[in-house]
Amino acid sequence: MAKKKRKSSRKNKSLALTKRALKLIDQAASLMKTGVIASAKQGAKTKVIAKKKAYSLADAAIRQLNRAVVQGGKVIRKGIKKL
């Protein structure tokens, strides 16, 4: 039964990483939306700030997705070794 718990915890970790990545992507999209609206009203400075924040959130999402892919690859390799 310990193996089943490990498999489900690996899936949960991968799922959690993916959910965090999607959340970061949503935040970046929201920032870009507010940045576009604000830049139309206030100017280039607000647009640059929103752009930098959106880039950092997108980078964080990419790192999260990379971790999920690497973890999934490890699980696949272990499964292949057991065959």
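The sections below set out a description of the structure shown in this document. Since we're looking at a predicted model, the values are computed, not measured. (Residues numbered from 1 in each chain as written. Predicted model: local features only at pLDDT ≥ 70, side-chain atom pairs only at ≥ 80, totals over all residues. Heavy atoms only, no water.)

## Here we look at the overall build of the protein chain
Turning to step 1, where the next piece is worked out: Each helix and strand in the protein chain was counted, giving two helices and zero strands.
Turning to step 2, where the next piece is worked out: For the protein chain, the proportion of its 83 residues judged to be buried stands at 18%.
Turning to step 3, where the next piece is worked out: For the protein chain, the share of sequence-separated contacts (at least 6 apart) that also reach a separation of at least 24 residues comes to 74%.
Turning to step 4, where the next piece is worked out: Accessible surface, the protein chain: about 6900 Å² in total, of which carbon and sulfur atoms supply 62%. (Helix = DSSP H or I, 4+ residues; strand = E, 2+ residues; numbered from the N terminus. Buried < 20%, exposed > 50% of the residue type's maximum accessible area, 1.4 Å probe, protein only. Contact = heavy atoms within 4.5 Å. Areas by Shrake-Rupley, 256 points an atom, 1.4 Å probe, with all protein chains shown as cover.)

## Examining helix α2 (residues 44–82)
Turning to step 1, where the next piece is worked out: Relative to the 57 Å expected for 39 residues at 1.5 Å per residue, α2 spans 57 Å between its end C-alpha atoms, a close match to the ideal helical length.
Turning to step 2, where the next piece is worked out: When α2 is considered as a whole, its buried residues turn out to be Ala50, Ala54, Leu57, Ala60, Ala61, Gln64 and Ala68. (Expected span 1.5 Å × (residues − 1).)

## Quick word on the environment of Thr34
Turning to step 1, where the next piece is worked out: Within the secondary structure, Thr34 sits in helix α1 (residues 2–41).
Turning to step 2, where the next piece is worked out: Overall, the relative accessible area of 42% leaves Thr34 in the partly exposed class.
Turning to step 3, where the next piece is worked out: For the pair Thr34 and Lys47, spaced 13 residues apart in sequence, the C-alpha to C-alpha distance is 8.9 Å.

## A short note on the nonpolar core
Turning to step 1, where the next piece is worked out: In terms of nonpolar packing, the biggest core is built from eight residues, these being Ala21, Leu24, Ala28, Leu31, Ala54, Leu57, Ala60 and Ala61.
Turning to step 2, where the next piece is worked out: Every element with two or more residues in this core is listed here: α1 and α2. (Core = buried A, V, L, I, M, F, W, Y, C linked by side-chain atoms within 4.5 Å.)

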